[in-house]
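Observations on the three-dimensional arrangement
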Amino acid sequence: MGFRKKNKSPPVLSHEFVIQNHADMVSCVAMIILLGLMFEVTAKYAIMFITVQYNVTHATDDRPEPVNVYQYGPKDMATVFFYVLIAIILHALIQEYILDKINRRLHLSKTKHSKFNESGQLAAFYLFSFIWGSSILTAEEFATNPTLLWEGYPHNHMFFQVKFFYICQIAYWLHALPELYFQKVRKEDIPRQLYYICLYVFHIAGAYILNLHRLGLILLVPHYLVELLFHASRLFYFSDENKQKGFTLWALLFVIARLLTLTLSVLTFGFGLARTENQGFSIADGNFNVLTIRISCLAAICLTQAWMMWKFINFQLKKWREHSQNQATKKKATSPKSKPSKKESGRGNAANGVMKSDERTSPRSRKPKAS
């Protein structure tokens, strides 16, 4: 038996080399940060990357014992950087051990192959984030009492799960930017993906910095559920084009999620924060309850929802046109044949005349004479 010929490895530090080995390179950087915990000199710097920072003890009237809560600060950028590395590693693992194996079985085209990879990665992230966000909401009181979204603002104290959730959310969407290069995303798909990646980073980071993490969390969870349903439906569609029922349910929930987002945003910025006693601008206290910021936040959310509805309407119209074209082609295929032309009818009559004359002149067709 002969040995298989190995493909030549690309030159070191070339584009192909970085793309093929980016997960290993990132893993080395993450391991260096983890090894920093072993030495006293570097431990104080390494722990800044790994653990959540700005832990404070806060005393409340409801609980006799003080509660450990968290604030945000510039050191959070180091934590976000570390979890960007973790997100890149997990992205490569899902791609290699799950999505690539499924793609080999489906034999998709290049266009469907890239969309399948995109939906597979996002479906896994949305599923994990929805379960995690729902578990946080079940432990929080503002999920059942919307007035807590603005009462007591500024909400500059977060529990560990809430802060870690936002750190991971920002890290994931930041990791999606270099993944456009690592995954060799087509040039025509890059602008579309850049739009929603930047929108996610802008809105999630804005809610985190402006101490609006309660509103951001309660809006993210239903939004992630809708997006999870869409990408799961698209995965089933790529495996079998007849499976399109999930898109109908997604369309209904999409509209409901947009209405819920607009309703809660208007209540929070237009009525709730505008009537609270603690109004003013103070970076030290984390208070951003001024008219300019409220209008800017509400305008950003409304414009984003309008843009998403515009994309949704265009998607539905495109789908309706494709469905109508398919129905038209099916009708043409099943329609009765057209009437024969004059030449064909003349040939048919001539053939019938020959057959009749043959029948008349054939000995079998002659009647016996009477004796």
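Each value, and the rule that gives it
Residues numbered from 1 in each chain as written. Predicted model: local features only at pLDDT ≥ 70, side-chain atom pairs only at ≥ 80, totals over all residues. Heavy atoms only, no water. Helix = DSSP H or I, 4+ residues; strand = E, 2+ residues; numbered from the N terminus. Polar contact = N/O pair within 3.5 Å; in protein donor to acceptor, adjacent residues only side chain to side chain. Phe/Tyr/Trp six-rings, centres within 6.5 Å; stacked < 30°, edge-to-face > 60°. Buried < 20%, exposed > 50% of the residue type's maximum accessible area, 1.4 Å probe, protein only. Lys NZ or Arg CZ within 6 Å of the ring centre and 35° of its normal. Patch = residues over 30% accessible without salt bridge, like charges linked within 9 Å, V, L, I, M, F, W, Y side chains within 5 Å. Areas by Shrake-Rupley, 256 points an atom, 1.4 Å probe, with all protein chains shown as cover. Salt bridge = Lys/Arg side-chain N within 4 Å of Asp/Glu carboxyl O. Core = buried A, V, L, I, M, F, W, Y, C linked by side-chain atoms within 4.5 Å. Contact = heavy atoms within 4.5 Å. pLDDT = per-residue confidence, 0-100.

**Some points on the environment of Thr-147**
With respect to the secondary-structure elements, Thr-147 resides in the loop between helix H4 (110-139) and helix H5 (160-182). Linking Thr-147 and Gly-272, residues 125 residues apart in sequence, is a C-alpha distance of 7.4 Å. A polar side-chain atom of Thr-147 sits 2.7 Å from a polar atom in the side chain of Asn-145.

**Section: the packing of aromatic side chains**
In this structure the tally under the stated criterion is 35 aromatic pairs. Relative to Phe-288, the ring of Phe-281 lies with its centre 5.6 Å away and its plane at 70°, an arrangement referred to as edge-to-face. The exposed category is assigned to Phe-281, whose relative accessible area is 52%. According to the relative accessible area criterion, Phe-288 is buried, its value standing at 9%. Taken together through their ring pairs, the aromatic side chains of Tyr-70, Tyr-72, Phe-82, Tyr-83, Phe-128, Trp-132, Phe-160, Phe-164, Phe-165, Tyr-166 and Tyr-208 make up a single cluster. It is Arg-258 that lies over the ring of Phe-254; its NZ or CZ is 4.7 Å from the centre.

**Looking at a nonpolar patch on the surface**
The grouping of Met-31, Leu-34, Leu-35, Leu-37, Met-38, Phe-39 and Ile-47 at the surface amounts to a nonpolar patch, some 680 Å² of accessible area in total. Counting residues per element, the nonpolar patch draws most heavily on helix H1 (residues 15-35), at three residues. With respect to the element layout, Leu-34 can be found in helix H1. Classification of Leu-34 as partly exposed rests on a relative accessible area of 35%.

**Section: the nonpolar core**
If you look at the biggest cluster of nonpolar residues, it comprises 68 residues, and the most contacted ones within it are Tyr-126, Tyr-166, Trp-173, Ile-204, Tyr-224 and Phe-269. Among the secondary structure elements, those contributing two or more residues to this core are H1, helix H3 (76-106), H4, H5, helix H6 (190-209), helix H7 (213-239), helix H8 (245-275) and helix H9 (291-334). The leading source of residues in this core is H5, at 12 residues. Ignoring sequence-local partners within four residues, the contact set of Ile-204 consists of Tyr-166, Gln-169, Ile-170, Trp-173, Leu-220 and Tyr-224. Counting residues in hydrophobic clusters, the runner-up holds nine residues, among them Val-226, Phe-247, Ala-251 and Phe-254.

**Some remarks on the side chain of Gln-121**
Here Gln-121 lies in helix H4. Setting aside its immediate chain neighbours within four residues, Gln-121 contacts His-91, Ile-94, Gln-95, Leu-99 and Tyr-172.

**Comments concerning unusual backbone geometry**
Across the junction of Tyr-153 and Pro-154, the peptide omega takes the value 10°, indicating a cis bond. For Pro-154, the location among the structural elements is in the loop between H4 and H5. Phi at Tyr-54 takes a positive value of approximately 65°, unusual for a residue other than glycine. Tracing the backbone shows Tyr-54 in the loop between helix H2 (40-50) and strand E1 (55-58).

**Thoughts on the pattern of salt bridges**
Summed over all chains, the structure comprises six salt bridges. Residue Arg-192 is joined to Glu-118 by a salt bridge in which the shortest nitrogen-to-oxygen separation is 3.0 Å. One end of the pair, Arg-192, is in helix H6; the other, Glu-118, is in helix H4, with 74 residues separating them in the sequence. With a relative accessible area of 30%, Arg-192 lands in the partly exposed category. For the salt bridge of Arg-186 with Glu-188, the shortest nitrogen-to-oxygen distance reads 3.2 Å. Owing to a relative accessible area of 26%, Arg-186 belongs among the partly exposed residues under this scheme. In this structure Glu-188 comes out as exposed when scored by relative accessible area, which is 52%. Among the ionic contacts, a cluster of salt bridges with common partners joins Glu-118, Arg-192 and Arg-234.

**A word on H2**
Of the residues making up H2, those classed as buried are Ala-46, Met-48 and Ile-50. Structurally, H2 contributes buried residues whose contacts are with H1 and H3.

**Quick notes on the confidence of the model for the protein chain**
Chain-level statistics for the protein chain give a pLDDT mean of 86 and a share of 87% at 70 or above. Considering only residues more than four positions removed or in separate chains, one finds that residues 1-6, a stretch of pLDDT under 50, has zero contacts. Low pLDDT, under 50, characterises residues 350-371; the stretch is placed with three contacts to residues that sit more than four places away or in other chains.

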